[in-house]
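Commentary on secondary and tertiary structure
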Amino acid sequence: EARDGTIWVGGDDGALNRIRNGRVDVVRKGFPPARISALWEADDGSLWIGFAHGILGRLKDGHIDIYRDPAAKNASILSIAGDPSGGDLWIGTRGAGVARFHDGQFVHYTNSGEVRAVRFAPDGSLWIGTDGEGVARLQNGVWTTWKAGNGLLSNHVMSLYIDRQGVVWVGTASGGLNRIYKGHI
């Protein structure tokens, strides 16, 4: 749900549905005919849209800008998060790992795997939930990982939620719910 109360829903064929004041409108003009699998609203009100085939869209004031990631043309964008310290986006994909979107360019930090969740904590650290490799945190340039071998209930992370106190809630496909606080499970 957007700040103005609008609910956005992505479709399999590139259709973006907008639900506002009980009315459903389909927004399609200029969109690629690809599955929409991630949505994120920026502070400026623009809506960032993750599509299949490594396509990222930005909808602002009724206009869509399209960016294509050549390293992810066979991947779907599954998660988007804006870096609170600047204008960069972090993107999780199915098949092309995690990337940072900076000044119209994609910079990949991993090139494989399924990154289902990308979130920022109140302290500015970046958290990544993967399907098969557990959870990773990037803080001050250092990656730390949690896996089944060091306390995570399952390496198959489906969702991450970070509350205001910085508690990271990890939803897994086959192990239940974990809580990570101050680096401890």
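Keep in mind the model is a prediction, meaning the values are calculated, not measured.

Across all of its chains, the model carries 7 aromatic pairs by this definition. A ring pair is formed by F101 and F106, whose centres lie 4.8 Å apart and whose planes are at 50 degrees; its orientation type is tilted. F106 carries the same exposure label as F101, and that label is buried. Residues W127 and W146 carry aromatic rings whose centres are separated by 5.1 Å and whose planes lie at 20 degrees to one another, so their mutual orientation is stacked. Residue W127 is found in strand β13 (residues 126–130), and its partner W146 is found in strand β15 (residues 142–146); the two are separated by 19 residues along the sequence. In this structure, W127 and W146 share a single accessibility class: buried. Grouped by ring-pair contacts, the aromatic residues W48, Y67, F101 and F106 constitute a single cluster.

Within a sheet, adjacent strands bond to each other through the backbone by hydrogen bonds, running parallel or antiparallel. The strand order across the open sheet built from 4 strands is β4-β5-β6-β7, with neighbouring strands paired in antiparallel fashion. Edge positions in the sheet fall to β4 (36–41) and β7 (63–68), since each has one partner strand and no second. Taking the axes of each pair of neighbouring strands and ignoring which way they run, one obtains an average angle of 20 degrees across the sheet. Looking at chain direction, strand β6 (residues 55–60) and β7 are connected through 6 bridges and run antiparallel. Residue I55 lies in a different strand from β7, and its bridge partner there is R68.

Before going further, it helps to examine the sheet that holds strand β16 (residues 157–162). On the basis of which strands lie adjacent, the open sheet formed by 3 strands has the order β16-β17-β18 and antiparallel pairing. Two strands bound the open sheet, and with one partner strand each, they are β16 and β18 (177–180). Each neighbouring strand pair of the sheet contributes to a mean axis angle of 20 degrees, computed without reference to strand direction. Bridge analysis of strand β17 (residues 168–172) against β18 gives 4 bridges, and the strand direction is antiparallel. Residue pairing in the sheet places W169 in a bridge with R179 of β18.

Basis of the calculations
Residues numbered from 1 in each chain as written. Predicted model: local features only at pLDDT ≥ 70, side-chain atom pairs only at ≥ 80, totals over all residues. Heavy atoms only, no water. Phe/Tyr/Trp six-rings, centres within 6.5 Å; stacked < 30°, edge-to-face > 60°. Buried < 20%, exposed > 50% of the residue type's maximum accessible area, 1.4 Å probe, protein only. Helix = DSSP H or I, 4+ residues; strand = E, 2+ residues; numbered from the N terminus. Pairing = 2+ DSSP bridges. Axes fitted to C-alpha atoms, helices over the stretch in contact; angles between N-to-C directions.

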